[in-house]
Every structure is written in C-alpha cells, then in structure tokens.
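Notes for the structure review
Next come the chains, spelled out residue by residue.
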Amino acid sequence: MGMDQVYLFKVEGGQMLAFPMGEMRMIKGSGDYGTIIKADQIGGSEYSFAEMDGMVFAGEEGAIAMTRWTEGEPFAVKTENIRLWEPPRFDAGETENQKENKKTENPQEKVTAKKTENLAAENEEKAAEELHATEMPMRNIFPKFVWVDTWERFKNMYPYFTLPEDKNVECVRIELKDLRELPRKYWYLGNNSFLLHGFFNYRYLVLGKLEEDKWFIGVPGIYQQQERVMAAIFGFPEFMTTDHINQFGYWYHTLDE
C-alpha cells in the first residue's frame, strides 16, 4: 500500500508544468482518485482546465505514470522535464487606486513613488530568483528509493556471500516476500513464472550488487540450453556460475535505479 501524488500538467517549452491536485492511495498497483476543482483556476492558478494537457502520477519510489489527452510534439517524461507550479509571491503591478492617486500627486510624492517603484522592481527580481530556485525540487515530488538502505538491511537479516571468481559481486539470499521491499515497479516479478519455479525448487532468491552500485535479482538454477531459452523468455537472460562442476549459478535480471 502506498500513496501516489496526482498532478494536472500543461506542456510549456518542452517541459511539463505540474499543478498538485492531491494524493491517490495505491493498493496492489491500482487505485481510484476523485476531486472537485475550479475549472477556470487550476490549483489557484490563472490557468483553466481547458489549457491542461493531461495528468501525471508520481509514486513513492520515483515511478512516473502519465496520460495525455492533447496532441503535440512528443517529449521525454523525465523528472528534469517537470516543473512544479507555485503561486506568485506578490503582485508588483499597479492597483486602480494607485493609478487614481497618480492624477493628484505632488512633485514630492512623485519622488517617493519613483523610489517605491524601484524598490518594487528589485523585490520582483528577487522573487523571480526565489521562484526559479524552487522550480525543480524533484526529490520532493518524486521521493527516491534508497537502495543502499535496503541493501544494508538485507545484509543484516540474511546470509551474505560473494561469488568465488569475482569478489566484487555481492549477494544476499532473500525470500519471495522480500520483493515487496523493492520499488513498486519490480513487484511484478513476484508473478514471474520462471522466478517462481526457481524459488520453489531452491527456496530462496538472490538480491545482488554488481560494481558501480548496479543491482540484480538472481534465480538459482543449473545452466542448460533449454533452461537458458526459458530464462531469456521470462527476462533473466544472463547467468553467473558459482559451481563449474555442477554448472550451478544464478539467472539474473538487472534492476534500474
């Protein structure tokens, strides 16, 4: 169970301008969301619903899902292409009363008004800089899954080992239920027929760490041609041998951070 952040978005200059709408509770990969909004002021902005291009959903582990209902140039859905809309800090423009006062102001008031105008311009520039600095706090919108923390927790819970021929490859034996400790986008592996077959034969799986903090899920098995074909079909195309005599090792699937 987790919470996804829900946003409406508008495409501007190849970026997604995102407007926070709320949260959607996710259960086993699905969820329902509903809300009531002002169609002419999305999220309190000056934009209307008619100007929106779609919706984007941000998961707790950094997964992004998007739906778009307008046509346009394709663009990459990456965190660096998403900018969170924020309301203006203040309105530096003139009010009607200020315009009316200009008609009756004296020379001294003109000098004072000029100083005030310059100060407002300086404040507007500072506000623009502050707004620019908060445009891309992606870690606040899409929380990052911390692999190292999960890895250390597993190392303290389960048997840890390195490969006999490559000490740089570290492994931890895990159970099927531990797949739920990984980012949600990998939970589907719990229904992978090849992985389940290997787990029920050997009663464990492997979470492994390659060089440069690259991670993988390993399924114990014997290297055979027929097994290699099946492993590749189900997404485990690579094999690392730990016992050359018996051709035992692990079929593995790499995980993107």
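Residues numbered from 1 in each chain as written. Predicted model: local features only at pLDDT ≥ 70, side-chain atom pairs only at ≥ 80, totals over all residues. Heavy atoms only, no water.

Remarks on the overall build of the protein chain
Spelled out, the test is: We count a stretch as a helix when DSSP gives it H or I for four or more residues in a row; a strand needs E for two or more, and each element gets its number in order from the N terminus. For every accessible area listed, the method is Shrake-Rupley and the probe measures 1.4 Å; residues are considered covered only by the protein chains on display.
Across its full length, the protein chain holds six helices and 11 strands. Entry remark: accessible area of the protein chain is about 16,100 Å², with carbon and sulfur atoms responsible for 50%.

As for the pattern of salt bridges
Note the following rule: The salt bridge criterion pairs a side-chain nitrogen of Lys or Arg with a carboxyl oxygen of Asp or Glu, the two atoms within 4 Å. Buried residues are those whose accessible area, probed at 1.4 Å on protein chains only, stays under 20% of the maximum for their type, while exposed residues exceed 50% and partly exposed ones sit between those limits.
Applying the stated criterion to the full structure yields three salt bridges. Put simply, Lys 177 and Glu 175 hold a salt bridge, and the shortest N to O gap is 3.8 Å. The partner of Lys 177 in a salt bridge is Asp 178, and the shortest N-O contact between them spans 3.5 Å. Judged by relative accessible area, which is 4%, Asp 178 ranks as buried. Sharing partners across several salt bridges, the network here consists of Glu 175, Lys 177 and Asp 178.

Let's talk about unusual backbone geometry
Here Arg 203, not a glycine, exhibits a phi torsion of approximately 65°, which is positive. Along the polypeptide, Arg 203 turns up in the loop between α5 (193-202) and β8 (205-209). Of note, the phi angle at Gln 247 is positive, near 55°, even though the residue is not glycine. With respect to the secondary-structure elements, Gln 247 resides in the loop between β10 (238-243) and β11 (248-255). Accessibility expressed as a relative area gives 30% for Gln 247, which makes it partly exposed.

Observations regarding the sheet that holds strand β7 (residues 166-174)
Operational definition: What makes two strands pair is DSSP finding at least two bridges between them. The convention used is that axes are lines fitted to C-alpha atoms, helices contributing only their stretch in contact, and that angles between N-to-C directions extend from 0 to 180 degrees. A contact between two residues is defined here by any heavy atoms of the two lying within 4.5 Å.
A sheet is described by the order of its strands in space; here six strands give the open sequence β6-β7-β8-β9-β11-β10, paired in antiparallel fashion. Strand pairing shows two members of the sheet lacking a second neighbour, β6 (160-163) and β10, which therefore form its edges. Each strand axis lies, on average, 35° off the axis of its neighbour in the sheet, ignoring direction. Looking at chain direction, β7 and β8 are connected through five bridges and run antiparallel. When the bridges of β8 are listed, Cys 171 appears paired with Gly 208. Against the sheet, α5 touches β8, β9 (215-222) and β11, its axis set at about 60° to β9.

Observations regarding the packing of aromatic side chains
Stated precisely, the cut-off is as follows: Any two of the Phe, Tyr and Trp rings considered here, Trp counted by its six-membered ring, make a pair once their centres fall within 6.5 Å; the pair's planes then place it as stacked at under 30 degrees, edge-to-face at over 60, or tilted in between. Only lysine NZ and arginine CZ atoms are considered, and such an atom sits over a ring when it is within 6 Å of the ring centre and within 35 degrees of the ring normal.
Applying the stated criterion across every chain yields a total of 15 aromatic pairs. Between Phe 161 and Tyr 250, the ring centres sit 6.2 Å apart and the planes meet at 35°, which makes this aromatic pair tilted. One end of the pair, Phe 161, is in strand β6; the other, Tyr 250, is in strand β11, with 89 residues separating them in the sequence. One aromatic cluster is present, built from ring pairs that chain together Phe 161, Tyr 202, Tyr 204, Phe 248 and Tyr 250. The lysine or arginine in question, Arg 173, covers the ring of Tyr 204, its NZ or CZ lying 4.0 Å from the ring centre.

So, a negative patch on the surface
As a reminder of what qualifies: Each patch groups residues whose relative accessible area exceeds 30% and which form no salt bridge, using 9 Å between like charges and 5 Å between nonpolar side chains of Val, Leu, Ile, Met, Phe, Trp and Tyr. Charge convention: Lys and Arg are scored as positive, Asp and Glu as negative, and His as well as the terminal groups of each chain are ignored. Charge positions are represented by NZ for Lys, CZ for Arg, CG for Asp and CD for Glu.
A surface patch of negative charge is lined by Glu 165, Asp 166, Glu 211 and Glu 212. With respect to the element layout, Glu 211 can be found in the loop between β8 and β9.

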